[in-house]
Amino acid sequence: MKRLLLLILALLVAGIMLVSCDNKGKVEKYVFKSGSVEIVPGEDSSAVISALGEANSYDEEDIGCGNNEMAKVYNYGGFQIKTYPDNSKDFIDTVTIRDDTVSTPEGITIGSSRDDVIAAYGEDYEEKGDGLIYKNGKTTLNIVVRDGAVTSIYYDYDFE
Amino acid sequence: MRKEIKITIFAVVSLIIVAVLLHLCSLVLRPKYMSQPLEGALIAEYYGEVDKGRQHQVLFVGDCEVYESFVPPLLWEEYGITSYIRGSAQQLIWQSYYLLEETFRYESPKVVVFNVLSMKYGEPQKEEYNRMTLDGMRNSPVKHQAILASMTKEENIASYYFPILRYHSRWKDLTAEDFKFMFKRDTVSHNGYLMQTGIRPMEKSFAEQEAEAINKIYDPDLPATAFEYLDKMKELCKQNGAELILIKTPTNSSTYWWYDEWDAQIAGYAEQNGLDYYNFIENEAIGIDWQTDTYDRGLHLNVYGAEKLTKHFGELLVSEYGLESQQSDVGVSSVWKTKTEQYYKQKEEMERGQ
């Protein structure tokens, strides 16, 4: 009986390892991390904003014609969070990495090379202008590469 | 036999009652746009104008940049030019095209002005914005085509003809406004111009905004679909004897940046097709002051900026396109005298209310 249980356990572990191998180079969901705080585009921003503590600066932006609600913009040094208002709640719209003091959980930062990006996120991207667009569900990781180096990184969410 | 007739009559009457009730529910549930966002009321207002037989020398079509940038009562006051703006929030080029096609059924403007910012979109965008343009159009084959061209994947055409399918869940958000404006709505614009008197200065320079804008991903090529509709718009104007003018309003913010590559493509298209294109961004002759002439930090002009642009554009309409003043026409003058008075009255009220 013990042997049978051990065999099942071994098969389970092997199965999990196989699944992990299949997903190498492709993350489950685009999540940005600041310390232990996970920041996921499209999710309610309140818990994240509270966990991150006071922002270095805060601003509000108009979100476009025909809409009088305001987007909230929180700057935390190396990165910025912009929220999208909907039904009296604010959802994370965009997370922008602003300089090389901050990197994505997969190690990409401003100044990384195009090869670094492809090694970290794979070749399943859409190319538009100078940008590489990685889509995962409704979250998107946008990376602008100019002259071989990353100049801009931002995550966003398709609210439509 | 008599029983069958009774059943038939009962069925028909029941159907009529259900249809009337559904229609009434639909009238209540549809958003009225009589308070914010007022933009949703703009497209339907046009019919009140043309049903009175009023014609216009100039027609503007496009997105928020047209209904916040040109002031028809001022164009009349300064130059005697009659005009209407068929603008709406995030109006896409195929919507501009179909609105133009519909407009030519009612009148024959000499000049059509199209703002090119929407050329950046080649696919349907947001349902809320579609509604603000399409729900206001009268039912017609043109509207049907506009709906087909505009629908996002999640939308279905039936909801445009039976609005209750779309708005049934609004019952819990109903306000007194929904009942007050169930049958008739107030006029919120001045021939399509939506007034804003607030002042919120632009905080970042154009150079700073450009730096932000070019760090976003954008396609340097404007979509082919947009050019197809621009071709159609050009042909439609030609068939109807109207001059098509392409413009880009002076507003330029990192959120809605007008990239140099796009500008070059529009300029090239205009040249190839014998059209005039005016890019008013950073045109000093207009005299826009970004500390006083915008209500939202440079996304749109306020009334003071719109008045400056209108005066500048009016001069062009007279000098380059030979539009003549209609002020000697007593009937037209009488109508526009009222419109001008209403414009200044609202401006004063809004300024006082701030």
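Residues numbered from 1 in each chain as written. Chains lettered and ligands numbered in written order. Predicted model: local features only at pLDDT ≥ 70, side-chain atom pairs only at ≥ 80, totals over all residues. Heavy atoms only, no water.

Comments concerning the overall build of chain B
The helix and strand inventory of chain B stands at 15 helices and five strands. Long-range contacts, defined as pairs at least 24 residues apart, comprise 83% of the intrachain contacts of chain B with a sequence gap of at least 6. As presented, chain B carries roughly 16400 Å² of accessible surface, and 54% of it is formed by carbon and sulfur atoms. A gap of 12 Å separates the mean positions of the 37 positive and 52 negative side-chain charges of chain B. (Helix = DSSP H or I, 4+ residues; strand = E, 2+ residues; numbered from the N terminus. Contact = heavy atoms within 4.5 Å. Areas by Shrake-Rupley, 256 points an atom, 1.4 Å probe, with all protein chains shown as cover. Lys, Arg positive; Asp, Glu negative; His and termini not counted. Charge placed at Lys NZ, Arg CZ, Asp CG, Glu CD.)

A short note on the interface of chain A and chain B
On the chain B side, the residues contacting the 25 residues of chain A number 28 residues. Together chain A and chain B conceal approximately 1900 Å² of surface at their shared face, both sides included; 46% is due to carbon and sulfur atoms. Linking chain A with chain B are one salt bridge. Between Arg-297 of chain B and Asp-59 of chain A there is a salt bridge; the shortest N-O distance is 3.4 Å. The interface formed by chain A and chain B contains seven residue pairs in polar contact (both at pLDDT 80 or more). Residue assignment for the side of chain A that touches chain B shows that the elements contributing at least two residues are strand 3 (57–62), strand 8 (131–136), strand 9 (139–146) and strand 10 (149–157) of chain A. Looking at the side of chain A that touches chain B residue by residue, the classes come out as nine nonpolar, nine polar and seven charged. (Buried area = accessible area lost by both parts, 1.4 Å probe. Salt bridge = Lys/Arg side-chain N within 4 Å of Asp/Glu carboxyl O. Polar contact = N/O pair within 3.5 Å; in protein donor to acceptor, adjacent residues only side chain to side chain. Nonpolar A, V, L, I, M, F, W, Y, C, P; charged D, E, K, R; others polar.)

With respect to the sheet that holds strand 1 (residues 58–62) of chain B
Residues and elements named next belong to chain B. In space, the five strands of this open sheet follow the order 2-1-3-4-5, with parallel pairing throughout. Lying at the two open borders of the sheet, with one neighbouring strand each, are strand 2 (83–87) and strand 5 (276–279). Each strand of the sheet is rotated relative to its neighbour by a mean of 20°, with strand direction disregarded. Relative to strand 4 (residues 243–248), strand 3 (residues 111–115) runs parallel, the two being bridged by five bridges. Residue pairing in the sheet places Val-113 in a bridge with Ile-245 of strand 4. (Pairing = 2+ DSSP bridges. Axes fitted to C-alpha atoms, helices over the stretch in contact; angles between N-to-C directions.)

A closer look at the environment of Leu-323 of chain B
Residue and element names in this part refer to chain B. On the secondary structure map, Leu-323 appears in the loop between helix 14 (303–321) and helix 15 (330–352). A relative accessible area of 5% means that Leu-323 is categorised as buried. Residues Leu-323 and Val-58 lie 265 residues apart in sequence; the distance between their C-alpha atoms is 9.1 Å. With residues up to four places along the chain from it excluded, the contact list for Leu-323 reads Gln-57, Val-58, Ile-81, Lys-110, Val-111, Leu-317 and Val-318. (Buried < 20%, exposed > 50% of the residue type's maximum accessible area, 1.4 Å probe, protein only.)

A few points about the pairing of strand 10 of chain A
Every regular strand shows the same layout, with side chains that alternate between the two sheet faces. All names here are of chain A. When strand 6 (residues 89–97) meets strand 10, the two strands line up antiparallel, connected through four bridges. Bridge pairing in strand 10 places Ile-97 opposite Ile-153. When strand 9 meets strand 10, the two strands line up antiparallel, connected through eight bridges. Paired with Leu-141 across the bridge in strand 10 is Tyr-155. Counting the residues that bridge the hairpin from strand 9 to strand 10 gives two residues, and of these Asp-147 lies at a positive phi of roughly 50°.

Notes on the environment of Tyr-304 of chain B
Residues and elements named next belong to chain B. Following the sequence through the fold, Tyr-304 ends up in helix 14. Tyr-304 gets classed as partly exposed once you look at its relative accessible area, which sits at 22%. It is 30 Å that separates the C-alpha atoms of Tyr-304 and Glu-177, two residues lying 127 residues apart in sequence. When near neighbours in sequence (up to four residues on either side) are disregarded, Tyr-304 contacts Thr-197, Ile-199, Thr-292, Asp-293, Lys-347 and Glu-351. Separated by 2.6 Å, the side chains of Tyr-304 and Glu-351 make a polar contact.

So, a negative patch on the surface
Negative charge collects at one region of the surface, where Glu-210, Asp-219, Asp-221, Asp-260, Glu-261, Glu-282 and Glu-284 of chain B lie side by side. With respect to the helices and strands, the residue Asp-221 of chain B is situated in the loop between helix 11 (206–214) and helix 12 (224–239). (Patch = residues over 30% accessible without salt bridge, like charges linked within 9 Å, V, L, I, M, F, W, Y side chains within 5 Å.)

Some remarks on the sheet that holds strand 7 (residues 126–128) of chain A
Residue and element names in this part refer to chain A. What the eight strands build is an open sheet, ordered 3-4-5-6-10-9-8-7; its pairing is antiparallel. Where the open sheet ends on each side, the last strands, each with one partner, are strand 3 and strand 7. Taking the axes of each pair of neighbouring strands and ignoring which way they run, one obtains an average angle of 20° across the sheet. As defined by bridge partners, strand 8 adjoins strand 9 across six bridges and the pair is classed as antiparallel. Opposite Gly-131, over in strand 9, you have Val-144 as the bridge partner. With respect to the sheet, helix 3 (residues 114–121) is in contact with strand 7, strand 8, strand 9 and strand 10, its orientation differing from that of strand 8 by roughly 10°.

What to know about the packing of helix 4 (residues 72–79) of chain B against helix 14 of chain B
All names here are of chain B. Where helix 4 meets helix 14, the closest approach of the two axes is 9 Å, and the angle between their N-to-C directions is 50°. As summarised for this structure, helix 4 and helix 14 are arranged oblique, according to the angle between their axes. In this structure, the crossing between helix 4 and helix 14 has a hand that is right-handed. Only Glu-307, Thr-310, Lys-311, Gly-314, Glu-315, Leu-317 and Val-318 of helix 14 make contact with helix 4, whose side of the interface consists of Leu-74, Leu-75, Glu-78 and Tyr-79. Partitioning the contact of helix 4 with helix 14 into residue classes produces five nonpolar, two polar and four charged. (Parallel < 35°, antiparallel > 145°, perpendicular 65-115°, else oblique. Left-handed = near helix turned anticlockwise from the far one by under 90°.)

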